[in-house]
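Below are the chains, spelled out letter by letter.
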Amino acid sequence: MEGIIQQGTPPPNQWRRRSATREDGDPAAATENGRGKQSATEEDEAQLRQKPVINMIIGRPEGGDSANTKKTWARQLYVGTVYGQEEGSKKTCREPITFTDKDLPTGETPHRDALVIAMDVNGVVVRRILVDTGSSANMLYLETFTKMALSREQLNPVKTPLAGFTGDSVEAEGSITLPVEIGSYPDVQKLDMKFIVVDLTCSHNAILGRPGLEDLGALISIEHLCLKFRTPSGIGTVRCDRRVARDCYLQACRGMGKREMQVHEITERTLKKAMIPRPDPAVELEEIEIDPRQPERRVRIGVSLPEEIREGIIKVLRENQLVFAWGPEDMPGVDQSIIAHRLTIHPDHRPVIQKKRYLANDRREFVKKEVNTLLGAGHIREVKYTEWLANVVLVPKPPAWRMCMDYTDLNKACPKDPFPLPLIDQLVDETAGSTLLSFMDAFRGYHQIFMHKADEEKTAFLTPDGVYCYRVMPFGLKNTGATYTRMVSRLFQDLLGKSMAAYVDDMLVKSREETNHAGDLADCFQVMLKYNFRLNPKKCAFAVQGGKFLGYMVTKKGIKPNLEKVQAIIDMQPPSTVKDLQRLTGRLAPSAAS
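Residues numbered from 1 in each chain as written. Predicted model: local features only at pLDDT ≥ 70, side-chain atom pairs only at ≥ 80, totals over all residues. Heavy atoms only, no water.

Visitor: Explain the overall build of the chain to me, please; I cannot follow it from the model alone.
Guide: Counting its secondary structure elements, the chain contains 17 helices and 28 strands. Counting across all 594 residues of the chain, residues that qualify as buried make up 40%. For the chain, the proportion of contacts with a sequence separation of at least 24, taken over those separated by at least 6, is 71%. About 35,100 Å² of surface is accessible on the chain, with carbon and sulfur atoms providing 52% of the total. (Helix = DSSP H or I, 4+ residues; strand = E, 2+ residues; numbered from the N terminus. Buried < 20%, exposed > 50% of the residue type's maximum accessible area, 1.4 Å probe, protein only. Contact = heavy atoms within 4.5 Å. Areas by Shrake-Rupley, 256 points an atom, 1.4 Å probe, with all protein chains shown as cover.)

Structure (structure tokens):
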């Protein structure tokens, strides 16, 4: 017996139970197992362990909406059961479900269609329901949920997110149990079915997953494109609407063309990863005119300032109004004797001309408009016979996009510029305790730095209307951040660490005393005017008493936590059990260690 256990073979009494419960009653199968041969189920399981598995939709609340209940649900198969069946239980004899050639769909074969059906849900006939055995939940899309005149108040909360084919998780809106009627009279099945509601756009209205198929006791045949189930009056059949199935497929394919291409994903992820929270004032602001001849040109300053301080700030802003750029035409660019971006290409790298990529209609129109704007501002020029050529990449920047270039090949040929970025902790510590702050943002900061004349044509990019190259430093090039930081350090070297702080293109003027702030602003503006550096008035705020700087709340009283960052901890329920306390300490341990 010990040898049999080590081989993983069920004991003899289990063979007898298994052979006794077989519907075919074949004693030869029991004898074959009795000679020590593994069952087909065990062989299949062994093969599955060696093969990769592609998960579809996973993460349902059934079986538990917490880690402990999921573990208990998973162990039920092995506790007090034999091959998943409780001892002493007997299967009832039910009417068999069969598929014959009479069930085959009309039309060409093989058809390659999905099984898309219709059924009555909560008194409404819902079409375009995809039958998906790979889904661990019955899903109802929010748009369909709303059209059925259901409200969010009827939803029950769902803690477990859903994961799809790519592994991305989606938070569910909630779950709801609705009455369902499926089949054709008189072979109709009625039951209550639980759906998970998700806010996603899809060509289908709902998904009938494994839970729904099990509740129906249904069997499906993709070859026959139908679903069969038992009803009190006989076997019910639901057939696929092939026209609807192909229409859903075509809609899904058209939607794929409107999404970002996979090649753009690395660029977008890199930009998001390097993104630093922008400075933002934490007080109310008022708008003031700085040019009486053009009253629409306004800038923002803090409210509740002493009258003398307020008048001094307004006077400095009006005297230095040329420091603001209201459009590309107001941006002459930083003097090239101070800074210019150069490309140091390794001689062993051969030039690369990228193959033209497809752009959707709306994106092509955006590129054309952006190119015309850059041409009018003199930031780009047309080029011929270029050795390097890159494609346009549109990066989401609400409410539209930002046009960048895929300089992947060009960047590989350039070494890294080791010029260091400022230390965020040091900048925040030096800023804390200031009485007044002025947050400033450059107007298209990268475009204020010119490219070196010999390197302009290496930045060539392909558009639907032609080939152009940059005369100014573009987004997406390697070492642009280092070049910009070097420029800021050169321009404001006498002010940084004293009355100014800057992190790449985020700058602020700080004053320990309110009476000194107008003078500190004037000193900063004089440097900007001298070297043709321009600010974006829509993103500037002057003479405020505190705000968000590099992810921290900086005020006269010191550094405070950003409420947006700690709101989850504030809303957290205090631990009520030992298990909750262990979870809390486990979550805090990594942050404490770092």
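From this point on, the discussion continues.
Visitor: Quick question: what am I supposed to make of the pairing of strand S20 (residues 436-441) here?
Guide: On a regular strand, one side chain projects to one face of the sheet and the next to the other, so that they alternate. Among the 6 residues in S20, 6 count as buried, and that is most of the element. Here S20 runs beside strand S24 (residues 506-511); their pairing, made up of 6 bridges, is antiparallel. The partner of Leu-436 across the bridge, within S24, is Ser-511. Relative to strand S25 (residues 541-544), S20 is paired through 2 bridges, and the arrangement is antiparallel. Within S25, the residue paired with Leu-437 across the bridge is Val-544. (Pairing = 2+ DSSP bridges.)

Visitor: What exactly am I supposed to notice about the pattern of salt bridges here?
Guide: In a structure, side chains of opposite charge can pair up when their charged atoms sit close to one another. Summed over the entire model, instances satisfying the criterion amount to 19 salt bridges. In this structure, Asp-103 engages Arg-239 in a salt bridge whose closest nitrogen and oxygen atoms are separated by 3.3 Å. With Asp-103 in the loop between strand S2 (85-86) and strand S3 (116-121) and Arg-239 in strand S13 (residues 234-239), the pair connects residues that are 136 residues apart, well separated along the chain. We note a salt bridge from Arg-381 to Glu-456, for which the minimum N-O separation is 2.9 Å. Note that Arg-381 is positioned in strand S17 (residues 380-382) and Glu-456 in the loop between S20 and strand S21 (461-463), a separation of 75 residues in sequence. Take Glu-456: its relative accessible area is 4%, and that puts it in the buried class. Connected via shared salt-bridge partners are Arg-381, Lys-453, Glu-456 and Glu-457. (Salt bridge = Lys/Arg side-chain N within 4 Å of Asp/Glu carboxyl O.)

Visitor: Would you mind showing me how to read the side chain of Thr-386 here?
Guide: With respect to the element layout, Thr-386 can be found in the loop between S17 and strand S18 (390-397). Classification of Thr-386 as buried rests on a relative accessible area of 16%. Of note is the side chain of Thr-386, whose polar atom sits 3.2 Å from the backbone oxygen of Glu-457. (Polar contact = N/O pair within 3.5 Å; in protein donor to acceptor, adjacent residues only side chain to side chain.)

Visitor: Quick question: what am I supposed to make of the environment of Val-303 here?
Guide: Following the sequence through the fold, Val-303 ends up in the loop between strand S16 (298-302) and helix H10 (307-319). Looking at Val-303, the relative accessible area reads 29%, which means it is partly exposed. Not counting residues up to four positions away in its chain, the partners in contact with Val-303 are Glu-284, Leu-285 and Glu-286.

Visitor: For this particular structure, what's the right way to read helix H15 (residues 517-530)?
Guide: Spacing of three or four residues puts side chains on the same side of an α-helix, whose turn is 3.6 residues. Compared with the 20 Å implied by 1.5 Å per residue over 14 residues, the 20 Å span of H15 between its first and last C-alpha is a close match. All of the buried residues in H15 are His-517, Ala-518, Asp-520, Leu-521, Cys-524, Phe-525, Val-527 and Met-528. Note on H15: the residue one or two positions beyond its end, Asn-532, has a positive phi of about 65°. (Expected span 1.5 Å × (residues − 1).)

Visitor: Would you take a moment to explain the packing of aromatic side chains for this structure?
Guide: Where two aromatic rings form a pair, the distance of their centres and the angle of their planes describe that pair. Scanning the entire structure with this criterion turns up 10 aromatic pairs. A ring pair is formed by Phe-461 and Tyr-468, whose centres lie 6.2 Å apart and whose planes are at 35°; its orientation type is tilted. Taken individually, Phe-461 and Tyr-468 each receive the classification buried, so the pair is uniform in this respect. Taking 5.3 Å as the distance between ring centres and 40° as the angle between the ring planes, the aromatic pair formed by Phe-461 and Tyr-470 counts as tilted. Given a relative accessible area of 0%, Phe-461 falls into the buried group. For Tyr-470, a relative accessible area of 2% gives the class buried. Among the aromatic residues, ring-to-ring pairing joins Phe-324, Trp-326, Phe-525 and Phe-542 into one connected group. Lys-228 extends its terminal NZ or CZ atom over the ring of Phe-99, reaching a point 5.0 Å from the ring centre. Taking the ring centre of Phe-475 as reference, the NZ or CZ of Arg-402 above it sits at 4.4 Å. (Phe/Tyr/Trp six-rings, centres within 6.5 Å; stacked < 30°, edge-to-face > 60°. Lys NZ or Arg CZ within 6 Å of the ring centre and 35° of its normal.)

Visitor: Explain the state of the cysteines to me, please; I cannot follow it from the model alone.
Guide: Linking two cysteines covalently via their sulfur atoms produces the bond known as a disulfide. Under the defined criterion, the tally for this structure stands at 0 disulfides. With no disulfide partner, Cys-226 has as its closest neighbouring cysteine sulfur the one in Cys-240, 9.8 Å distant. According to the relative accessible area criterion, Cys-226 is buried, its value standing at 0%. Looking at the unpaired Cys-540, the closest cysteine sulfur is the one in Cys-524, lying at 9.7 Å. Residue classification places Cys-540 among the buried residues on the basis of a relative accessible area of 0%. (Disulfide = S-S within 2.5 Å.)

Visitor: Help me understand the sheet that holds strand S11 (residues 219-221), please; the structure alone is not making it clear to me.
Guide: As a general point, the strands of a sheet are linked pairwise by backbone hydrogen bonds and lie either parallel or antiparallel. Pairing within the open sheet is antiparallel, and its 3 strands lie in the order S11-S12-S13. Each edge of the open sheet is held by one strand with a lone partner, namely S11 and S13. Taking the axes of each pair of neighbouring strands and ignoring which way they run, one obtains an average angle of 25° across the sheet. Here strand S12 (residues 226-231) runs beside S13; their pairing, made up of 6 bridges, is antiparallel. For Lys-228, the partnering residue across the bridge sits in S13 and is Thr-237. (Axes fitted to C-alpha atoms, helices over the stretch in contact; angles between N-to-C directions.)

Visitor: Help me out: how do you make sense of the side chain of Asn-320 in this one?
Guide: By the element assignment, Asn-320 lies in the loop between H10 and helix H11 (361-377). What makes Asn-320 buried here is its relative accessible area of 4%. A polar contact of 2.8 Å, which involves the side chain of Asn-320, links it to the backbone oxygen of Val-316. If we skip the residues at most four places from it in the chain, Asn-320 touches Phe-525, Gln-526 and Leu-529.

Visitor: Whenever I open this one, the sheet that holds strand S5 (residues 139-141) confuses me. Can you help?
Guide: Read around the closed barrel, 6 strands run S3-S4-S10-S5-S9-S8, paired in mixed fashion. Taking the axes of each pair of neighbouring strands and ignoring which way they run, one obtains an average angle of 45° across the sheet.

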